[in-house]
Amino acid sequence: VQLQASGGGLVQAGGSLRLSCAASGSTFGINAMGWYRQGPVKQRELVAAISSSGSTDYVDSVKGRFAISRDNAKNTVYLQMNSLKPEDTAVYYCYADQVRGLGYHYDYWGQGTQVTVSS
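None of the values given here were measured: they were computed from a predicted structure.

Participant: Before we move on, could you go through the environment of Gln2 and cite the residues and values that matter?
Facilitator: Mapped onto the secondary structure, Gln2 falls in strand S1 (residues 2-6). A sequence separation of 21 residues divides Gln2 from Ala23, and the C-alpha atoms of the two residues are 5.6 Å apart. Among all residues touching Gln2, those that are not within four sequence positions of it are Ala22, Ala23, Ser24 and Gly25.

Here it is as structure tokens:
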């Protein structure tokens, strides 16, 4: 499975960005997809995740501002980011969890896309 992320950039505080991440290759069995981020002085944290059935989860700091969605037919996950704050500045990484064989889980990562929010 290969993940290709796009959509990062520079935006002013209060602005919006939409990240996309498309999975390709042997995509059968992809379960959860989502986004992590790593800021300049922070550890990598899970921002949002979505299951194959559409259940979502968010870190508290982005609830009400970010929305994760996916298009299973396109094997693509999106992250709509609104009301961006300088503390959202980070490299955002998409991931996919795939279940294969006898229920083994495999994690895949995209290359990361930079999001910079200016104050």
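Structure shown, so let's carry the discussion forward.
Participant: Describe the pairing of strand S11 (residues 113-118), listing the residues and the values that go with them.
Facilitator: Only one face of S11 is covered, namely the one carrying Thr113, Val115 and Val117; the face carrying Gln114, Thr116 and Ser118 has none of its residues buried. Note: strand S2 (residues 9-12) against S11, four bridges, orientation parallel. Bridge pairing in S11 places Val11 opposite Val117. Sheet topology places strand S9 (residues 90-100) next to S11; three bridges connect them, and they run antiparallel. When the sheet's bridge partners are listed, Tyr92 is paired in S11 with Thr113.

Participant: Which residues make up the pattern of salt bridges, and what values go with them?
Facilitator: Within this structure, the stated rule accounts for four salt bridges. A salt bridge links Arg37 to Asp88; its shortest N-O distance comes to 3.0 Å. You can see Arg37 sitting in strand S4 (residues 30-38) and its partner Asp88 sitting in the loop between strand S8 (76-81) and S9, a full 51 residues away along the chain. Among the residues examined, Asp88 registers a relative accessible area of 1% and is labelled buried. Several salt bridges converge on common partners, so that one network encompasses Arg37, Glu45, Arg65 and Asp88.

Participant: Please provide a residue-by-residue account of a nonpolar patch on the surface, values included.
Facilitator: Among the surface-exposed residues, Leu102, Tyr104 and Tyr106 lie close enough to one another that they form a single nonpolar patch of about 380 Å² accessible area. Its location among the elements puts Tyr104 in strand S10 (residues 104-109).

Participant: So what's going on with the sheet that holds S1? Which residues, and what values?
Facilitator: Ordered in space as S1-S3-S8-S7, the four strands form an open sheet in which the pairing is antiparallel. Two strands in the sheet have a free side with no partner beyond their single neighbour: S1 and strand S7 (66-71). Direction aside, neighbouring strands of the sheet carry axes that sit 15 degrees apart on average. Direction of pairing for strand S3 (residues 17-24) relative to S8: antiparallel, over a ladder of six bridges. Across the sheet, residue Ala22 finds its bridge partner in S8, namely Thr76.

Participant: Let's hear about the packing of aromatic side chains: which residues, and what values?
Facilitator: Inspection of the entire model under this criterion finds three aromatic pairs. Ring geometry for Tyr36 and Tyr95: centres 5.4 Å apart, planes at 70 degrees, overall edge-to-face. With Tyr36 in strand S4 and Tyr95 in strand S9, this pair connects stretches of sequence that are 59 residues apart. Given a relative accessible area of 23%, Tyr36 falls into the partly exposed group. Consider the rings of Tyr95 and Trp109, whose centres lie 5.8 Å apart with planes at 40 degrees: the pair is tilted. Taken together, the positions of Tyr95 in strand S9 and Trp109 in strand S10 put the pair 14 residues apart, joining distant regions of the chain.

Thresholds applied
- Residues numbered from 1 in each chain as written.
- Predicted model: local features only at pLDDT ≥ 70, side-chain atom pairs only at ≥ 80, totals over all residues.
- Heavy atoms only, no water.
- Helix = DSSP H or I, 4+ residues; strand = E, 2+ residues; numbered from the N terminus.
- Contact = heavy atoms within 4.5 Å.
- Buried < 20%, exposed > 50% of the residue type's maximum accessible area, 1.4 Å probe, protein only.
- Pairing = 2+ DSSP bridges.
- Salt bridge = Lys/Arg side-chain N within 4 Å of Asp/Glu carboxyl O.
- Patch = residues over 30% accessible without salt bridge, like charges linked within 9 Å, V, L, I, M, F, W, Y side chains within 5 Å.
- Areas by Shrake-Rupley, 256 points an atom, 1.4 Å probe, with all protein chains shown as cover.
- Axes fitted to C-alpha atoms, helices over the stretch in contact; angles between N-to-C directions.
- Phe/Tyr/Trp six-rings, centres within 6.5 Å; stacked < 30°, edge-to-face > 60°.

Nothing here speaks to function; it is all geometry.
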